[in-house]
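Chain and residue survey
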Amino acid sequence: MSRQVEKGALQDKMFVLLLVLVSLAFAWILLPFYSAVLWAVILALVFSPVQRWFIGHLPNQPNLATFLTLLSIVGIVLVPVAFTGASIVSEATTLYENIQSGDVNLGTILQRFLDALPTWATDFLAHFGVTDVADMQARVISLLAEGSQFFATQAVLVGQGTANVLLGTSIMLYLLYFFLRDGGKLSQKIIHAVPLASEYKGALFEKIAVVVRAMVKGTILVAIAQGFLGGLIFWALGIHAAVLWGVVMAFLSLLPAVGASIVWFPVAVYLIATGDIGKGLILMAFGAGVIGLVDNLLRPYLVGKDTALPDYVVLISTLGGIALLGLNGLVVGPLIAALFIAVWDIAARSDVVPNAAVHDDAPTADEPPADGPKAG
């Protein structure tokens, strides 16, 4: 009997090992298209309410409802992203060419700005060690030139990798269709297959769906809104490369506390300092009164009480995610941080403690139950 038990335990271990190896091999095969798979899953989770709405109006036509949801995603997400990407590449390339040709003299612009500053502002800069104006000019010019050259290089890479972009997008849309149509059944199979107690599985997978939706709605949509408003006011004021600056503000809005003000505030100060007081005041008022309030107004409405990450966790996880995964890290970084907090929160909750756990009020072997027979 003991040999049979040992043999059965060995077989179980071997099966678990085989399961892990096969899963890792499958993940390795999918690695070249992990971005397509990742965004297909994210978009399926975010647009699942839209899918349910179409199914409610087309109850006997699930394929048509899924196709209409897919068309909605293309119109709402992919077309604007493609248009914005093309505009960024065009403006970044033009800016770099203007810097290289001398049409845009950053040194002159910076000198005008510094000369227009009042004495107290100059003293303030001197207090922080910014006394060598020529050296600061050189550093700013070098930084901007390197940034422009980077965007120009990316433009070439995008042009060369058009086939890969189209392939990845096609795979994402193909997977997205089936995730939308069969996502409910697929998620149930995954939940059933995960070797965890039902209390853990239910809480954990619910938390995953909530976190993904909350991160996309509360982080990406707010960033898009702030970037759009920032680019809009730059365009209205005639500031060059409005789309490029709008995208920069969208990325910087992911940083807590300062956000998009890193861009619009210095530009407003420059406009005021160089004599364009009207435009500077308009930009200052719009930045503080509209762009700055978007986060406070939209984020609670879009996220609600779904999830609340501390600002420092959002900052560190976002920067870490971008450093490791590029643009995908914008979502993956905060998502992993949110799941980390969620798992530990679930582990600490009393309602997900396994039934087999011993509670403090449980009777011991030497102590009869409270309602048991008493000694006579």
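Treat the numbers as computed from the prediction; the structure is a model and nothing was measured.

This part takes up the overall build of the protein chain. Helix and strand content of the protein chain: 14 helices and zero strands. The linear arrangement of helices and strands in the protein chain, starting from the amino end, is α-α-α-α-α-α-α-α-α-α-α-α-α-α. For the protein chain, the proportion of its 376 residues judged to be buried stands at 28%. For the protein chain, the share of sequence-separated contacts (at least 6 apart) that also reach a separation of at least 24 residues comes to 69%. About 23900 Å² of surface is accessible on the protein chain, with carbon and sulfur atoms providing 70% of the total.

Of all residues in the protein chain, 70% have pLDDT values of 70 or greater, and the mean over the chain is 74. The least confident element of the protein chain, judged by mean pLDDT, is helix α7 (residues 133-160) at 57; the most confident is helix α3 (residues 48-57) at 88. Under a pLDDT of 50 for its full length, residues 352-376 has, in the predicted model, seven contacts with residues more than four places off or in other chains.

Let us now look at the nonpolar core. Judged by nonpolar contacts, the single largest core of 18 residues is most densely connected at I233, F234, I239, M249, W264, L283 and I291. Going through the elements one at a time, α9 (198-236), α10 (242-252), α11 (261-273) and α12 (277-303) are the ones with two or more residues in this core. Setting aside residues no more than four positions away along its own chain, I239 makes contact with F234, V267, L271 and L283. If you look at the next biggest cluster of nonpolar residues, it comprises eleven residues, including L43, F47, L70 and L176.

Take the environment of V212 next. Residue placement: V212 occurs in helix α9. Considering only alpha carbons, one finds V212 and V46, 166 residues apart in sequence, at a separation of 7.6 Å. Residues contacting V212, with those up to four places away along its chain left out, are I42, L45 and L335.

This next bit is on the packing of aromatic side chains. For any pair of aromatic rings, geometry is given as the distance between the ring centres together with the angle between the planes. Evaluation of the coordinates by the stated rule reveals five aromatic pairs. Relative to F178, the ring of Y177 lies with its centre 5.3 Å away and its plane at 90°, an arrangement referred to as edge-to-face. For Y177, a relative accessible area of 17% gives the class buried. Following the ring pairs from residue to residue traces out a cluster consisting of Y174, Y177 and F178.

Our next topic: α3. Structural remark: α-helix, 3.6 residues per turn; residues separated by three or four positions point the same way. All of the buried residues along α3 are S48, Q51 and F54. Angularly, the buried residues of α3 cover 120° about the axis, an arc narrow enough to put them on a single face. Turned more than 90 degrees from where α3 packs its buried face, R52, G56 and H57 sit exposed.

This part is about the pattern of salt bridges. It is possible for side chains bearing opposite charge to pair when their charged atoms get close. The full count for this structure, using the stated rule, is one salt bridge. D182 is the salt-bridge partner of R181, the closest N and O atoms lying 3.1 Å from each other. Residue R181 is classed as partly exposed on the basis of its relative accessible area, which comes to 33%.

A few words now on the packing of α10 against α11. The description of two helices packed together rests on the angle between their axes and the distance between the axes. Closest axis-to-axis distance for the α10/α11 pair is 8 Å, and the angle between their directions is 130°. With respect to each other, α10 and α11 are oriented oblique. Where α10 approaches α11, its residues W245, V248, M249 and L252 are matched on the opposing element by I262, V263 and W264. Residue composition of the contact of α10 with α11, by class: seven nonpolar, no polar and no charged.

To continue, consider α11. Taking 1.5 Å per residue as the helical rise, α11 with its 13 residues ought to reach 18 Å, and the 17 Å between its terminal C-alpha atoms agrees with that figure. Those residues of α11 that sit buried are V263, W264, A268, Y270 and L271. Angularly, the buried residues of α11 cover 160° about the axis, an arc narrow enough to put them on a single face. Looking one or two residues past α11, G275 carries a phi angle of roughly 100°, positive in sign.

Within the secondary structure layout, Q51 lies in helix α3. When residues no more than four places from it in sequence are discounted, the contact partners of Q51 are A65, T66, T69, L180 and R181.

Examined against the element boundaries, S317 turns out to sit in helix α13 (residues 311-325). If we skip the residues at most four places from it in the chain, S317 touches G329, G333, P334 and A337.

Conventions adopted
- Along each chain, residue indices are assigned from 1 in the same order as the chain's sequence is written.
- With pLDDT at 70 or above as the cut-off, local features in this predicted model cover only qualifying residues; side-chain atom pairs require 80 or more to be listed or tallied, and sums for whole chains, interfaces and linings still use all residues.
- For the side-chain quantities, the full set of heavy atoms in the structure was used; hydrogens and water were omitted.
- The helix and strand labels rest on DSSP assignments: H or I over at least four residues marks a helix, E over at least two residues marks a strand, and numbering proceeds from the N terminus.
- Exposure classes here rest on a 1.4 Å probe applied to the protein chains alone. A residue is buried below 20% of its type maximum, exposed above 50%, and partly exposed in between.
- Note on contacts: a residue pair is in contact if any heavy atoms of the two residues lie within 4.5 Å.
- Using the Shrake-Rupley algorithm and a 1.4 Å probe, accessible areas are obtained, with residue cover drawn only from the displayed protein chains.
- By definition, pLDDT measures how confident the predictor is in each residue, and it falls between 0 and 100.
- What makes a nonpolar core is a set of buried Ala, Val, Leu, Ile, Met, Phe, Trp, Tyr and Cys residues whose side-chain atoms join them at distances within 4.5 Å.
- In this scheme Phe, Tyr and Trp rings, the latter by its six-membered ring, pair at centre separations within 6.5 Å, and the angle between planes marks the pair as stacked below 30 degrees, edge-to-face above 60, and tilted otherwise.
- Arc, as used here, means the arc of the directions from the helix axis to the C-beta atoms.
- The term salt bridge refers to a pairing of a side-chain nitrogen on Lys or Arg with a carboxyl oxygen on Asp or Glu at a separation within 4 Å.
- Simply put, an axis is a line fit to the C-alpha atoms, just over the touching stretch for a helix, and the angle between two N-to-C directions goes from 0 to 180 degrees.
- Every angle not falling under 35 degrees, over 145, or within 65 to 115 is termed oblique; those three ranges are roughly parallel, roughly antiparallel and roughly perpendicular.
- Put simply, Ala, Val, Leu, Ile, Met, Phe, Trp, Tyr, Cys and Pro go in the nonpolar bin, Asp, Glu, Lys and Arg in the charged bin, and everything else, Gly too, in the polar bin.
- Here the expected span of a helix is defined as 1.5 Å times the quantity of residues minus one.

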